[in-house]
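Breakdown of the fold
Spelled out from the first residue to the last, the chains are:
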Amino acid sequence: MFALVDCNNFYVSCERVFNPACRNKPVVVLSNNDGCIISRSEEAKKLGIKMAEPAFKIKELIEKNKVAVFSSNYALYGNMSERVMNTIATLVKDMEIYSIDEVFLDMKGYANESLSDFAYRIRNRVFQWTGVPVSVGIGSTKTLAKIAAKIAKKNTGVFIFTESEKSDEILNKYPVEDIWGVGRQYAHFLKKFGYDTALKLKNSDDAFMKKYMKIVGLRTVYELRGIPCYKLQTHVPMKENICTARSFGKMTEDFETIAEATANYTATCARKLRKMKACASLITIFLQTNYFREDLGQYNNAKVLHIPVATNATNELIFYALSGLRLIYKKGYLYKKAGVIVSGISSENEQQLSLMGNEAHKTNEKLMKVFDAINEKMGKDKLRFAAQGFDRKWKLRQEKLSPNYTTKWEDILKISL
Ligand SMILES: [Mg+2]
């Protein structure tokens, strides 16, 4: 048996932990640059606010119903996610962290009758220790556990999917596009052939599925039948690339501003590489104008640079990123977005060294150790490279950002008596 623990309306729930005034009220969280709705409380859903809806389009609805609005605060959500996962780890040994707010668990060894008790124990402990409400879905395959979690969310928070007449009834009401692994395109295709519910997919013809949906589609069908095709992935394979890209708060032509933003995105990539104990041998820099503003002229370009000795040192990566940026930057355009991708990722311990001497490389390695130790102690970005600048003119629009309650000493909640 597999369980899926899924945090309810995760970003909204994180905001509510530290802001009790927002409980039992409509709350939404916006995407980067305060663009679209990416998380909604149940109350907000009831008002008819849709996922991915641009915030400006429903401004009136928000004001009229006093909906609490937050910019996305990834420092907070990342840290809360860690707390949720660590809490679950005190109860279960084998887990696969699937996303920021979802984790698969291996439930083998638990008798059916104790499964439900156990699920409630997870739910209660996570809520008590972190303040985040979760739903627990259990099934004989990961696909069924996913479905069970969706049902759990709408009911008491726990649902166990067991094969019975009732289970077919559930699958009969379950839309095909909501099945794990069925993307929007596949859903469109399946519906054309009459497979519009999970039950129809479960009872579909194997040969047809294999022909048109390939082995991956057939696996989904088997999983719906309760035959596990996907195991728990307890160790995560190394990422193939890391991308940091953002839209600027305001469009800009200024090279210095764009360079500063690029240096900061690079610093983020470098920090992630070091956390993974990995190095990159390729770096891509890209620059874009605003594609909604045809009238302002369009120019998009990207440059890939090969790094002679794979590295995770912020200063080295910034050097290459800015060299790349200089090659693609063209004056006379208003730019909207820039980004950095590091790839060719391999483990820190298996680096090919240079024939031309590795002194600089070794020095940077030591430098980064001290750099990370100081920032770990004093706060993110306390120590930074000059290229990263200070005034952050390129910064995202985040007008409704909540404090970093859990990751910044200055932002810790104070209680006055
Ligand atoms: Mg969720």
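Remember, predicted model here, so these are calculated numbers, not experimental data. (Residues numbered from 1 in each chain as written. Predicted model: local features only at pLDDT ≥ 70, side-chain atom pairs only at ≥ 80, totals over all residues. Heavy atoms only, no water.)

**Brief notes about the overall build of the chain**
Helices and strands together make up the secondary structure of the chain, namely 13 helices and 13 strands. Once the C-alpha set of the chain is aligned to its principal axes, its extents read approximately 65 × 60 × 50 Å. For the chain, buried positions account for 47% of its 417 residues. Restricting the contact set of the chain to residue pairs at least 6 apart, pairs at least 24 apart contribute 67%. For the chain, the exposed surface amounts to about 23,100 Å²; the carbon and sulfur share of it is 54%. One way to put it: in the chain the 64 positive side-chain charges average out to a point 2 Å from where the 45 negative ones average out. (Helix = DSSP H or I, 4+ residues; strand = E, 2+ residues; numbered from the N terminus. Buried < 20%, exposed > 50% of the residue type's maximum accessible area, 1.4 Å probe, protein only. Contact = heavy atoms within 4.5 Å. Areas by Shrake-Rupley, 256 points an atom, 1.4 Å probe, with all protein chains shown as cover. Lys, Arg positive; Asp, Glu negative; His and termini not counted. Charge placed at Lys NZ, Arg CZ, Asp CG, Glu CD.)

**What to know about the nonpolar core**
Counting 36 residues, the largest nonpolar core has Ile88, Leu105 and Ile122 as the members making the most contacts within it. Those elements that place two or more of their residues in this core are strand S1 (2–7), helix H1 (10–17), strand S2 (27–30), helix H4 (74–89), strand S6 (102–106), helix H5 (112–130) and strand S7 (134–139). At six residues, the largest contribution of residues to this core is made by H4. One finds Ile242, Ala270, Tyr299 and Ala338 within the second-largest nonpolar core, a separate group that totals 33 residues. (Core = buried A, V, L, I, M, F, W, Y, C linked by side-chain atoms within 4.5 Å.)

**Here we look at the environment of alanine 321**
Residue placement: alanine 321 occurs in helix H12 (residues 314–328). Distance in space between the C-alpha atoms of alanine 321 and phenylalanine 286 is 9.6 Å, their sequence separation being 35 residues.

**A short note on the coordination of the magnesium ion**
Distances from the magnesium ion to its protein donors, Asp6 (OD), Cys7 (O) and Asp101 (OD), fall at 2.2 to 2.6 Å. As a motif over one chain, the donors of the magnesium ion read D-C-x93-D. This pair shows no difference in class: aspartate 6 is buried, exactly as cysteine 7 is. (Donors = N, O, S within 2.8 Å, 3.2 Å for Na, K, Ca; no water.)

**Re the side chain of serine 72**
Tracing the sequence through the fold places serine 72 in the loop between strand S4 (68–70) and H4. When residues no more than four places from it in sequence are discounted, the contact partners of serine 72 are Val29, Leu30, Ser31, Asn32, Ile38, Tyr77, Gln398 and Leu401.

**Let's talk about the pattern of salt bridges**
Where side chains of opposite charge bring their charged atoms close, a pairing between them can arise. In this structure the tally under the stated criterion is 13 salt bridges. The shortest N-O distance in the salt bridge between lysine 45 and glutamate 42 comes to 3.2 Å. Here the residue lysine 45 and the residue glutamate 42 both occupy positions in helix H2 (residues 42–46), the gap between them amounting to three residues, near one helical turn. Among the ionic pairs, arginine 274 bridges to aspartate 372, the shortest N-O distance being 2.7 Å. You can see arginine 274 sitting in helix H11 (residues 255–275) and its partner aspartate 372 sitting in helix H13 (residues 359–378), a full 98 residues away along the chain. Look at the salt bridges and you will find they share partners, linking Glu163, Asp168 and Lys202 into a network. (Salt bridge = Lys/Arg side-chain N within 4 Å of Asp/Glu carboxyl O.)

**Let's talk about a nonpolar patch on the surface**
Together, Val370, Ile374, Met378 and Leu383 give the surface a local cluster of nonpolar side chains, amounting to about 330 Å² of exposed area. Looking at methionine 378, the relative accessible area reads 51%, which means it is exposed. (Patch = residues over 30% accessible without salt bridge, like charges linked within 9 Å, V, L, I, M, F, W, Y side chains within 5 Å.)

**Digging into the sheet that holds S1**
Here we have five strands laid out as an open sheet, ordered S5-S6-S1-S7-S8, and mixed in their pairing. In the strand order of this sheet, the two ends are held by strand S5 (95–99) and strand S8 (158–160), each with one partner. The sheet shows a mean angle of 15° between the axes of neighbouring strands, direction not considered. Pairing analysis gives five bridges linking S1 to S6, with the strands arranged antiparallel. By the bridge assignment, leucine 4 is partnered in S6 with phenylalanine 104. Its contacts with the sheet place H4 against S1, S5 and S6, and it is angled at close to 160° to S5. (Pairing = 2+ DSSP bridges. Axes fitted to C-alpha atoms, helices over the stretch in contact; angles between N-to-C directions.)

**Describing the packing of aromatic side chains**
A complete count under the given rule lists 23 aromatic pairs for this structure. For the pair phenylalanine 189 and phenylalanine 193, a centre-to-centre distance of 5.0 Å together with 50° between the ring planes defines the contact as tilted. Judged by relative accessible area, phenylalanine 193 falls into the partly exposed class, the value being 42%. Here the aromatic cluster, defined as three or more aromatic residues joined through ring pairs, consists of Phe189, Phe193, Tyr195, Phe208 and Tyr212. (Phe/Tyr/Trp six-rings, centres within 6.5 Å; stacked < 30°, edge-to-face > 60°.)

**Remarks on a positive patch on the surface**
A cluster of basic side chains, namely Lys239, Arg271, Lys272, Lys275 and Lys380, defines a positive patch on the protein surface. Considering the arrangement of structural elements, one finds lysine 380 in the segment after H13. Here lysine 380 falls in the exposed class, since its relative accessible area comes to 60%.

**With respect to the domain arrangement of the chain**
Taken domain by domain, the chain consists of domain 1 (2–154), domain 2 (163–224) and domain 3 (241–388). Taking only C-alpha atoms into account, the centre of domain 2 sits 43 Å from that of domain 3. (Domains from an automatic or database assignment.)

**Things to note about the layout of surface pockets**
In this structure, the second largest pocket occupies an estimated 1,000 Å³ of space. Residue lining of the second largest pocket: 29 residues in total, with Asp6, Arg40, Lys45, Lys150 and Lys153 positioned closest to the centre. For the lining of the second largest pocket, the elements supplying multiple residues, two or more each, are S1, H1, strand S3 (37–40), H2, helix H6 (142–154) and helix H7 (165–173). Grouping the constituent residues of the lining of the second largest pocket by class yields 13 nonpolar, four polar and twelve charged. Mapped onto the domain boundaries, the lining of the second largest pocket takes at least three residues apiece from domain 1 (2–154) and domain 2 (163–224). (1 Å grid on protein atoms, 1.4 Å probe; cavity = no way out; pocket = protein on both sides within 12 Å on 5 of 7 lines; lining within 4 Å. Points joined across faces, edges and corners; volume = space filled by probe spheres on them. Nonpolar A, V, L, I, M, F, W, Y, C, P; charged D, E, K, R; others polar.)

**Section: the pairing of S1**
Among the six residues in S1, six count as buried, and that is most of the element. Across six bridges, S1 lies against S7 in antiparallel orientation. Paired with valine 5 across the bridge in S7 is valine 136.

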